Each structure stands twice: as C-alpha cells, then as structure tokens.
Amino acid sequence: MERVALVTGAARGQGAAIVQRLRKDGFRVAACDVLPIDAPGDDVLALPLDVTSEDQWRAAVDATADRFGSLTTLVNNAGVLHRASLAAETPSGFEHSWRVNCLGPFLGIRAALDHLRHADGAAIVNTCSTGAIRPFPNHAAYGSSKWALRGLTQIAAAELAPSGIRVNAVFPGPVETPMLDAATQSRLSEKGRLGTPMEIVDAVAFLVSDHASFITGAELVVDGGQCLRIG
Ligand SMILES: NC(=O)c1ccc[n+]([C@@H]2O[C@H](COP(=O)([O-])OP(=O)(O)OC[C@H]3O[C@@H](n4cnc5c(N)ncnc54)[C@H](O)[C@@H]3O)[C@@H](O)[C@H]2O)c1
C-alpha cells in the first residue's frame, strides 16, 4: 500500500527522527518546519511550514500531493515549550503556545482531510505530552495547550472514524531533544532517565502502521514511568 506522510516540526528532535524512521518503513515524507531542512533523498520533500498559517498548510498539502500523488498520514509533531508561573505568564505567551500546539494541528487536520478521506489506511498522530496527563506547575500555557490537543485528538478520532481515518496521540515524557536545555535535562534526569527521540518514534511509527489498524482514539504514554511517580 502506498504511504505518504506529512510530518511537522521535522527539522530536528523527534520530528527529524520520525522522518528517518518513516522512510525506513517505506513512506515518502513531506518534512515540514519553520527551520530549513535539507532533503536527504528523493523520497523526502522539504517544505517550509509555519503550522499556525492556514495558507501555508494549504500550500504544503498541495505540494505534497503534487509530488507524491497522495497524502495518507499526518504527524502533528511541531510544538513549542514555554514555562512561566501564572503570575508571570502573558497573554501573548499563552496565546502563542496555543496557536502552535493546538491551532496548528487543527489547521493541519483540516488541510489534509480531503486527501485522508480518499486514502487507504489513513492515520493521524498528534504529539501531546505528559503535561496533558499531569498538572505540572508553571506550565499553564504549554500544559493547557496540550490538554486541548488531547481533547482535539479524541474529537477527531470520533468524528473521522466513519471516514476510515484513525486518530491517535502519543504523550512523551522528558526526551533528549533541543526543546530541553542542558540544565533542564540534568534536573529532570535526577528523577528518572530521559527518553531518546527514537523511543518516541517507535510509538508514532506503530500508530501510523497497519499493526495499529484497529486502534483509534488511543492515548499512548511513552514516559519511562514519569506519570507513575508520585511527588
Ligand atoms: N522533548 C521533550 O521532552 C518533550 C516532551 C513531551 C512532549 N514533547 C513534544 O514533542 C514534540 C517534538 O518536540 P521536540 O522534543 O522534538 O522539540 P524540538 O524543539 O527539538 O523540535 C520542535 C520542532 O518544532 C518546530 N516548530 C516550532 N514552532 C513551529 C511552527 N510554528 N511551525 C512549524 N514548526 C514549528 C521547531 O522549529 C522544531 O524543529 C513537540 O510537540 C513537543 O511539545 C517534547
């Protein structure tokens, strides 16, 4: 079966690792980011995409379908981390988190929908966070945007099931990527080891594959037990 994936936030971190893995699994991939990306081969199309822009979403989906003939799979991986106490948070800081982390995936689902409806084995994976399972202090903007993305995933799964489109979410714990600076990685590693990007990718690759053909609306926590620890 032909598989074409669009992956956001693909320039680095988990997104870059998802592109690498999906290529190995036989996908052709549109790798999208606000940062520049060098396509590693003909099976990858590098595209500029700010996920908060409806126009850029339309252009990216059209370019993907023009190049590869279809779009079967959407991975809404792009995200921004922003921490502040409730007192220090600003309307613009709060809104920016929501625009990238929740509005972006919503716009992506809308832009991809016509193609996904016509695809065999269509699947969407949204990258949430354990911040959408647990209420971490000083994460009002990030955490609430990911809780909203969790809700959007459930609604999309219910609404799109009759169209044969599976919609699932992964919930990574702390992962070694540029999103977490060295001080944060060191602080978090005192509570338990950090995950590697590939450990998250394994979950994403499973959820978009035929091995997950009966799975939709799932919430797959990949956190090495972070949510199980108390205190
Ligand atoms: N690293 C962690 O500990 C961790 C934990 C839980 C969840 N997550 C989530 O995993 C996902 C991947 O994060 P990562 O760890 O690889 O972080 P990262 O910062 O290394 O990568 C995020 C990517 O998203 C891109 N991006 C940011 N804003 C964008 C926009 N408006 N449009 C398009 N692309 C944009 C960035 O340029 C970057 O390439 C994110 O959704 C993040 O919230 C990460």
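Look above for the structure.
Just so we're clear, the structure is a prediction, and the values are computed from it rather than from any experiment.

(A) A look at the sheet that holds strand β5 (residues 123-127). Taken together, seven strands build an open sheet; the order of strands is β3-β2-β1-β4-β5-β6-β7 and the sheet is parallel. Two strands lie at the open edges of the sheet, namely β3 (44-48) and β7 (219-222), each paired on one side alone. Pairs of neighbouring strands in the sheet enclose a mean axial angle of 15°, with direction left out of account. Here three bridges tie strand β1 (residues 4-8) to strand β4 (residues 73-76), and the two strands are oriented parallel to one another. Bridge pairing in β4 links Val7 to Val75. On the sheet, helix α2 (residues 54-68) packs against β1, β2 (28-33), β3 and β4 and is oriented at approximately 160° with respect to β3.

(B) Highlighting the packing of aromatic side chains. This model, assessed by the stated rule, comprises one aromatic pair. Where Phe94 meets Trp98, the ring centres are 6.0 Å apart and the plane angle is 25°; that geometry is what we call stacked. Residue Phe94 and its partner Trp98 are located together in helix α3 (residues 91-117), separated by four residues, close to a single helical turn. Residue classification places Trp98 among the partly exposed residues on the basis of a relative accessible area of 32%.

(C) Structural detail: the pattern of salt bridges. According to the stated counting rule, one finds nine salt bridges in the structure shown. The salt bridge partner of Arg21 is Asp25, with a shortest N-O separation of 3.1 Å. When its relative accessible area of 38% is taken as the criterion, Asp25 is described as partly exposed. Note that Asp43 is salt-bridged to Arg23, the shortest N-O span being 2.9 Å. One end of the pair, Asp43, is in the loop between β2 and β3; the other, Arg23, is in helix α1 (residues 13-24), and 20 residues separate them in sequence.

Reading the values: rules and limits
Residues numbered from 1 in each chain as written. Predicted model: local features only at pLDDT ≥ 70, side-chain atom pairs only at ≥ 80, totals over all residues. Heavy atoms only, no water. Pairing = 2+ DSSP bridges. Helix = DSSP H or I, 4+ residues; strand = E, 2+ residues; numbered from the N terminus. Axes fitted to C-alpha atoms, helices over the stretch in contact; angles between N-to-C directions. Contact = heavy atoms within 4.5 Å. Phe/Tyr/Trp six-rings, centres within 6.5 Å; stacked < 30°, edge-to-face > 60°. Buried < 20%, exposed > 50% of the residue type's maximum accessible area, 1.4 Å probe, protein only. Salt bridge = Lys/Arg side-chain N within 4 Å of Asp/Glu carboxyl O.

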